[in-house]
Amino acid sequence: MTCHPRTQPSASPINSSHDLILSDLVRHPMPRSARGALLGSVPPHPAQPIHTMWITDLDPNPLRPGSILLSWEPSLGNGMNVTAHLSLASAEVLLAHWPHLHGDWTPIVHPTLFEVTGLHAALTVATDALRLANRLAAS
């Protein structure tokens with residue numbers, strides 16, 4: 001198990017190569033130059049930290065398939081409107097939207113993020129197995 005330092009939002013530059021712990025970031029609006037927080041890992045237990053990295057609006061590189069990008073903005077009543085996008089091979093799609101979340105909202109979004117990463121991994125393995133089976137059948 002790797003331990004990563006908990007980085008405070010004010011100390012972390014955009015596009016930092018350091019892991020940022022999502023629960024440290026969620027109470028504050030995203031930096032203006034950020035497109036969102038790219039999830040590095042989604043642990044099985046909601047109490048474990050979700051590692052992220054800021055992605056800027058200027059980053060021209062597309063996200064790799066299976067990547068999840070979270071973005072959030074303040075809502076009425078001191079809450080946050082949270083949106084998750086999933087990168088697929090041909091497009092980036094809206095995965096989920098959670099309006100008016102308060103405080104540390106990572107436990108609320110965790111189940112969806114964890115399930116989607118698992119489903120994407122399973123579909124990737126199934127697709128690769130199908131391609132291999134078709135190739136072997138054609139030989």
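It should be noted that the structure appears before, not after, this text.
Reading guide: rules and limits
Residues numbered from 1 in each chain as written. Predicted model: local features only at pLDDT ≥ 70, side-chain atom pairs only at ≥ 80, totals over all residues. Heavy atoms only, no water. Salt bridge = Lys/Arg side-chain N within 4 Å of Asp/Glu carboxyl O. Helix = DSSP H or I, 4+ residues; strand = E, 2+ residues; numbered from the N terminus. Buried < 20%, exposed > 50% of the residue type's maximum accessible area, 1.4 Å probe, protein only. Pairing = 2+ DSSP bridges. Contact = heavy atoms within 4.5 Å. Axes fitted to C-alpha atoms, helices over the stretch in contact; angles between N-to-C directions. Core = buried A, V, L, I, M, F, W, Y, C linked by side-chain atoms within 4.5 Å.

Caption draft 1: Representation of the pattern of salt bridges in the model. Throughout the structure, instances matching the rule amount to two salt bridges. In this structure, Glu-92 and Arg-35 form a salt bridge, with 2.5 Å as the shortest nitrogen-oxygen distance. Of this pair, Glu-92 sits in strand S6 (residues 92–101) while Arg-35 sits in strand S2 (residues 34–41); the two residues are 57 residues apart in sequence, bridging distant segments of the chain. When its relative accessible area of 35% is taken as the criterion, Glu-92 is described as partly exposed. Across the pair Asp-128 and Arg-131 runs a salt bridge whose closest N-O atoms are separated by 3.7 Å.

Caption draft 2: Structural context of the sheet that holds strand S5 (residues 80–87). Judged by pairing direction, the sheet is antiparallel, and its six strands sit side by side in the order S1-S3-S2-S4-S5-S6 without closing on themselves. The open sheet has two free edges, formed respectively by strand S1 (20–21) and S6, since each of these has just one partner strand. Two strands pair when backbone bridges link them, and S1 and strand S3 (residues 51–56) are joined in this way by two bridges, in the antiparallel orientation. For Leu-20, the partnering residue across the bridge sits in S3 and is Thr-52. Against the sheet, helix H2 (residues 106–138) makes contact with S2, strand S4 (68–74), S5 and S6, and its axis sits at roughly 165 degrees relative to S6, the strand it touches most.

Caption draft 3: A look at the nonpolar core. Judged by nonpolar contacts, the single largest core of 25 residues is most densely connected at Trp-54, Leu-70, Trp-72, Val-82, Trp-98, Trp-105 and Leu-113. Contributing elements (two or more residues each) for this core: helix H1 (22–25), S2, S4, S5, S6 and H2. Per-element accounting of this core gives the leading share, four residues, to S5. Once you skip the residues sitting within four places of it in the chain, Leu-70 turns out to touch Leu-22, Met-30, Gly-36, Ala-37, Leu-39, Val-82, Thr-83, Ala-84, Trp-98, Trp-105 and Leu-113.

Caption draft 4: Quick look at the environment of Gly-36. Along the chain, the position of Gly-36 falls in strand S2. Separated by 47 residues in the primary sequence, Gly-36 and Thr-83 have C-alpha atoms spaced 9.4 Å apart. Setting aside residues up to four positions removed in sequence, Gly-36 forms contacts with Met-30, Met-53, Trp-54, Ile-55, Leu-69, Leu-70 and Ser-71.

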